Amino acid sequence: PLFRSDLDFNKEDTETIEEIKKFALKVLMLGVFNAGKSTLLNKYLDEKGLLKVNSEAETAVPCELKYSTDEKTLVHKTNGKIIRELKNYNVRAEEGAGIEYLEKFLNNKKLKELGDIILVDMPGLDSSNDAHEEAINKYINAGAYYILLSDPENGGIKDSTGQFLRDR
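Remarks on the environment of Leu74
Working step 1: Note on placement: Leu74 falls in strand S3 (residues 72-77).
Working step 2: For Leu74 and Glu64, which are ten residues apart along the polypeptide, the C-alpha to C-alpha distance reads 9.7 Å.
Working step 3: Each residue touching Leu74, except ones within four places of it in the same chain, is listed here: Ile82, Ile83, Arg84, Tyr101, Leu102, Glu103 and Phe105.

A short note on the packing of aromatic side chains
Working step 1: Within this structure, the stated rule accounts for one aromatic pair.
Working step 2: Each ring, one from Tyr101 and one from Tyr139, has its centre 5.8 Å from the other, and the planes form 50 degrees; the classification is tilted. Taken as a pair, Tyr101 in strand S5 (residues 99-106) and Tyr139 in helix H5 (residues 130-139) lie far apart in primary sequence, 38 residues in all. Here Tyr101 matches Tyr139 in class, with each residue buried.
Working step 3: Looking at Lys72, its charged tip hangs above the ring of Phe105, at a distance of 5.0 Å from the centre.

A few points about the environment of Glu64
Working step 1: With respect to the helices, strands and loops of the structure, Glu64 is situated in strand S2 (residues 63-67).
Working step 2: Separated by 38 residues in the primary sequence, Glu64 and Lys26 place their C-alpha atoms 8.2 Å from one another.
Working step 3: In this structure, Glu64 is in contact with Lys26, Tyr101, Leu102, Glu103, Lys104, Ile118, Leu119, Val120 and Tyr139, ignoring residues within four places of it in sequence.

Details of the sheet that holds strand S4 (residues 82-85)
Working step 1: In spatial order, the strands read S4-S3-S5-S2-S6-S1-S7; together these seven strands make up an open sheet with mixed pairing. One side of each edge strand has no neighbouring strand; the edge strands of this open sheet are S4 and strand S7 (145-148). Each adjacent strand pair in this sheet contributes to an overall mean axis angle of 25 degrees, direction not counted.
Working step 2: Two elements, strand S1 (residues 25-30) and S7, share four bridges in a ladder whose sense is parallel. The partner of Val27 across the bridge, within S7, is Tyr145.

Quick word on the pattern of salt bridges
Working step 1: This structure, assessed with the given rule, holds seven salt bridges.
Working step 2: Residues Glu64 and Lys66 are paired through a salt bridge, measuring 3.2 Å at the closest nitrogen-oxygen approach.
Working step 3: On the basis of relative accessibility, which here comes to 1%, the residue Glu64 falls in the buried class.
Working step 4: One connected set of salt bridges, linked through shared partners, spans Lys26, Glu64, Lys66 and Glu103.

So, the nonpolar core
Working step 1: The biggest cluster of nonpolar side chains holds 21 residues, and the ones touching the most others in it are Leu65, Leu102, Leu111 and Leu119.
Working step 2: Listing elements by their share of this core, those giving two or more residues are S1, helix H3 (37-45), S2, S5 and helix H4 (109-114).
Working step 3: Among the elements that take part in this core, S5 stands out by supplying three residues, more than any other.
Working step 4: Non-local contacts of Leu102, meaning those with residues more than four positions away in its chain, are made with Val61, Pro62, Cys63, Glu64, Thr73, Leu74, Val75, Tyr89 and Val91.

Regarding H5
Residues that lie three or four places apart on an α-helix share one face, since the helix turns once every 3.6 residues.
Working step 1: Within H5, burial applies to His132, Ala135, Ile136 and Tyr139. Taken end-on, H5 shows its buried residues confined to a sector of 100 degrees, consistent with a single buried face. In H5, those exposed residues whose orientation departs by more than 90 degrees from the buried face are Asp130 and Lys138.

Rules behind the numbers
Residues numbered from 1 in each chain as written. Predicted model: local features only at pLDDT ≥ 70, side-chain atom pairs only at ≥ 80, totals over all residues. Heavy atoms only, no water. Helix = DSSP H or I, 4+ residues; strand = E, 2+ residues; numbered from the N terminus. Contact = heavy atoms within 4.5 Å. Phe/Tyr/Trp six-rings, centres within 6.5 Å; stacked < 30°, edge-to-face > 60°. Buried < 20%, exposed > 50% of the residue type's maximum accessible area, 1.4 Å probe, protein only. Lys NZ or Arg CZ within 6 Å of the ring centre and 35° of its normal. Pairing = 2+ DSSP bridges. Axes fitted to C-alpha atoms, helices over the stretch in contact; angles between N-to-C directions. Salt bridge = Lys/Arg side-chain N within 4 Å of Asp/Glu carboxyl O. Core = buried A, V, L, I, M, F, W, Y, C linked by side-chain atoms within 4.5 Å. Arc of directions from axis to C-beta.

Function cannot be inferred from these measures alone, as they are strictly geometric.
Here it is in structure tokens:
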């Protein structure tokens, strides 16, 4: 055929096609610790207790929420290993060392409707936990969009949150 050569893909083209197939927009939930990021996501997904909620800094590492009928949590370690855990597995504040992020796969109607949009529960800004700050700084550039939750009871956006946003 006349255009046969146009249909032959080289290795670089194949890698590009794979990247396109894996494409997704990550929407990161940002805010100071205890601002309600996990609570908002639990409510939106209609999943009580999915993401741990506490008055202490609870979310230790970024947690990607994705649709799948195979419910599981994949723990992505900083050394490149991936460990499969139960759906409701959470990393507590003191357990975040050595973990880069989590992927929670849930058979959830809202996540299915989002398609290629991935919601990400993030550790809180200003949690005074160096590991949380490190996790945020390592992951922040993965986001395409950000939702910033502020605490109106304490005057809205804190100066430190504004500085964090300006530094990006």
